[in-house]
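Residues per chain, in single letters:
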Amino acid sequence: EKTKHRLEVELEEMQMEYERTHAAAVITEKRARNFDKVVGEWKAKADDLNAELEASRSECRNYNAEVFRLKAAYDETVEQLDIVKRENKNLADEIKDLLDQLGDGGRSIHELDKQRRRLEVEKEELQAALEEAESALEQ
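Just so we're clear, the structure is a prediction, and the values are computed from it rather than from any experiment. Each chain carries its own residue numbering, running from 1 in the direction its sequence is written. Where totals are concerned, whole chains, interfaces and linings use all residues; where local detail is concerned, this predicted model gives features only for residues with pLDDT of at least 70, and gives and counts side-chain atom pairs only at 80 or more. Neither water nor hydrogens contribute to the side-chain values; these are computed over all heavy atoms in the structure.

Salt bridges are identified by distance alone: a Lys or Arg side-chain nitrogen within 4 Å of an Asp or Glu carboxyl oxygen. Tallying each qualifying case throughout the model produces twelve salt bridges. A salt bridge links D75 to K71; its shortest N-O distance comes to 3.2 Å. Linking D75 with K71, this pair stays in helix α1 (residues 2-138), spanning four residues, or about one helical turn. R116 is paired through a salt bridge with D113; the nearest N and O atoms lie 2.7 Å apart. With R116 and D113 both in helix α1, this residue pair falls three residues apart, about one helical turn. When a residue's accessible area, from a 1.4 Å probe over protein chains only, is under 20% of the maximum for its type it is buried; when over 50% it is exposed; and in between it is partly exposed. The class for R116 is partly exposed, based on a relative accessible area of 42%. Through salt bridges with shared partners, a single network forms among D113, R116, R117 and E120. Helix numbers and strand numbers start at the N terminus; a helix is a DSSP run of H or I with at least 4 residues, a strand a run of E with at least 2.

Let's shift gears to the environment of D93. Structurally, the position occupied by D93 is in helix α1. Overall, the relative accessible area of 35% leaves D93 in the partly exposed class. In sequence terms D93 and K4 are 89 residues apart; their C-alpha atoms lie 129 Å from each other.

This part covers a negative patch on the surface. By definition, no residue in a patch forms a salt bridge, and every one has over 30% relative accessible area; like charges are joined within 9 Å, nonpolar side chains (Val, Leu, Ile, Met, Phe, Trp, Tyr) within 5 Å. With residues, only the protein chains shown are counted as cover, and all accessible areas are computed by Shrake-Rupley using a 1.4 Å probe. Think of it this way: Lys and Arg go in the positive column, Asp and Glu in the negative one, and His and the chain ends go nowhere. To locate a charge, the coordinates of NZ of Lys, CZ of Arg, CG of Asp or CD of Glu are taken. Side chains of E1, E8, E12 and E13 sit close together on the surface and give a patch of like negative charge. Along the chain, the position of E12 falls in helix α1. Residue E12 is classed as exposed on the basis of its relative accessible area, which comes to 52%.

With that out of the way, let us pick up the packing of aromatic side chains. Centres within 6.5 Å make a pair out of two Phe, Tyr or Trp rings, where for Trp the six-membered ring is used; the pair is then stacked when the planes are under 30 degrees apart, edge-to-face when over 60, and tilted otherwise. Counting across every chain of the model gives zero aromatic pairs. Placement of a positive charge over a ring is assigned whenever Lys NZ or Arg CZ falls within 6 Å of the ring centre and within 35 degrees of the normal to the ring plane. Here the guanidinium or amino end of K45 rests over the ring plane of W42, the centre of that ring lying 4.7 Å away.

The subject of this paragraph is a nonpolar patch on the surface. A cluster of nonpolar residues, I95, L99 and L102, forms a patch on the protein surface that exposes about 330 Å² of accessible area. Position of L99 among the secondary structure elements: in helix α1. The exposed category is assigned to L99, whose relative accessible area is 53%.

In C-alpha cells form, the structure reads like this:
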C-alpha cells in the first residue's frame, strides 16, 4: 500500500508538472504568435519604408535630371543673351556712327549751301561785270 500511495503521489506530482509545463507551453505558443504578429507588422512597415525610399530615390533621380536639363537650358540662354548684348552694342555703335555721319553730312550740306550761295553771288557779280564790259565795248 505504501508503494501504491507513493505511486499515486508521484502520479499526482507528474500531472501537476505536466499541467505547469503544458500551461508554460501554451503561454510560450501565445507569445510566439504575438511575436510573429509583431515581426509581421514590422516587416510590413519595413517593406513600406523600402518602397517609399525607392520612390524617393526615383523622384530624386528625376529631379536631378530636370536640374541638369534646366541648367543646360540656362547656360544656353545666358550664351544667347551674351550674343544679343554684343550684337546690340555693335548696332548701337553703328547707329552712333551713322548719326555722326548724318551730323557731318548736315554740316557739309550747310557748308555746301553757303558755298553755293557765295558762288551764285560771285557769278552774279561776274555776270554784271561781263555785261558792263560788253556794253563798254559796244560804246
